[in-house]
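Structural overview
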Amino acid sequence: MSDGMSETTASQHEEATAASQEGQLQEEQPQDGQLQHQQPEGGLVAEAPNTVASDTDAPDSATPGESATSDTAAASFEPLTVTYERLRHTDDVAELHEYARRPLPNRSLQAAFSRATALLEAVAGNQHTPLEDRVFLATEMPFPNILVKLSEDPEPQVRRGVAANQDDKNWLVGRLTKDPDPSVRDAALRNPRTSWKMRLEGAQNPEVDADTLDFLSTLGVSCEPGAPVVLAGMVRRAVALNPQASQETLQRLSADTSPSVARCAQRRLEAAQTGESN
């Protein structure tokens, strides 16, 4: 009897112990989102993967402010051809002025530099661009595409600025020696970029003023002393024969180091004296 009770008691004790352990296990179950543990064989605890992503596990993404800035920049960017046509036809004087005076990017930034100079061509060709800005571009810019555009400007002030620009190509400044405006022609003839052919033609032109002829009469002497002797002499001789040459210019040329130049100047002076005496 005691053995039966002992067995019953032992059995009840084991059941109570098992129930107690089961209750403890249930109490130790983690809440949703926490790490869950299992008891594998061998007594080691295996950690289940975390199903809730933390802030640090989230992939990098732009903040709302950065995203908005990026979207704004993308929306405000215009292709070159669109901006060029807009600047070529706009009547927004303030915008044209701002583009005309905007500092150019560094040449090392090739794409930005090319874009800026292309847009300046559109600004230069727009008659709504303020006159003073067109004159500024004509005198300061070294870029052929801009200077060619400005050489066709209806305002003589602008063309005169191109004619005097020493970054001109010689064919461009040579074309301006034939300009209908005398001040533009004179500025082009004084430009050292002008070819000797154009200088000679200018010295022969009776429409060239006396001051410009006086300048041409100094080529190869006091001005550009290293100039080709024959070419410079031909220009000075043409000045001596030009009816617009002043008496002061002829007096100086009558003592020219080139005998042919001196003879032409002396004959002109003698003819003038003969005319006065008659």
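Presented here is an overview of the structure given in this document. The residue numbers shown here count from 1 along each chain, following its written sequence. For this predicted model, a pLDDT threshold of at least 70 governs which residues receive local features, and a threshold of 80 or more governs which side-chain atom pairs are given and counted, while totals over whole chains, interfaces and linings are taken from all residues. Excluded from the side-chain calculation are hydrogens and water; included are all heavy atoms of the structure.

Now for the environment of Val158. A run of H or I in DSSP counts as a helix once it spans at least four residues, and a run of E counts as a strand once it spans at least two, with each numbered from the N terminus. If you trace the backbone, Val158 turns up in helix α8 (residues 156-164). Among residues more than four places away in sequence, those in contact with Val158 are Leu131, Arg134, Val135, Ala138, Leu150 and Asp153. Contacts are assigned to residue pairs with any non-hydrogen atoms lying within 4.5 Å of each other.

As a further point, take the environment of Val221. Mapping Val221 onto the fold places it in the loop between α12 (210-216) and α13 (229-241). In this scheme, a residue with accessible area under 20% of its type's maximum is buried, one over 50% is exposed, and one in between is partly exposed, where area comes from a 1.4 Å probe on protein chains only. According to the relative accessible area criterion, Val221 is partly exposed, its value standing at 45%. Note: C-alpha distance between Val221 and Ala232 (11 residues apart in sequence) is 8.4 Å.

Before going further, it helps to spend a moment on the packing of α8 against helix α10 (residues 182-190). With their axes 8 Å apart at the nearest point, α8 and α10 run at an angle of 10° to one another. Our classification of the angle between α8 and α10 gives roughly parallel. Judged by residue contacts, Pro156, Arg159, Arg160, Ala163 and Ala164 of α8 engage Ser183, Val184, Ala187 and Ala188 from α10. Among the residues making up the contact of α8 with α10, the classes are represented as 6 nonpolar, 1 polar and 2 charged. Convention adopted: a line fitted to C-alpha atoms gives each axis, helices being fitted over their contacting stretch, and angles between N-to-C directions are expressed from 0 to 180 degrees. An angle below 35 degrees is read as roughly parallel, one above 145 as roughly antiparallel, one from 65 to 115 as roughly perpendicular, and any other as oblique. Gly falls in the polar group here, along with every residue not listed as nonpolar (Ala, Val, Leu, Ile, Met, Phe, Trp, Tyr, Cys, Pro) or charged (Asp, Glu, Lys, Arg).

A few words now on the packing of aromatic side chains. Centres within 6.5 Å are what make two rings of Phe, Tyr or Trp a pair, Trp counting through its six-membered ring; a difference in plane orientation under 30 degrees is then read as stacked, over 60 as edge-to-face, and the rest as tilted. In the structure shown here, the tally under the stated rule is 1 aromatic pair. When the centroid spacing of 5.8 Å and the interplanar angle of 75° are considered together, the rings of Phe113 and Phe143 count as edge-to-face. Here Phe143 lies in the loop between α6 (131-140) and α7 (144-150) and Phe113 lies in helix α5 (residues 110-124), a separation of 30 residues in the sequence. With relative accessibility at 11%, the residue Phe143 sits in the buried group. Note that Arg101 overlies the ring of Phe136, its terminal NZ or CZ placed 4.2 Å from the centroid. Should the NZ of a Lys or the CZ of an Arg lie within 6 Å of a ring centre and within 35 degrees of the ring normal, that charge is described as sitting over the ring. The lysine or arginine in question, Arg102, covers the ring of Tyr99, its NZ or CZ lying 4.2 Å from the ring centre.

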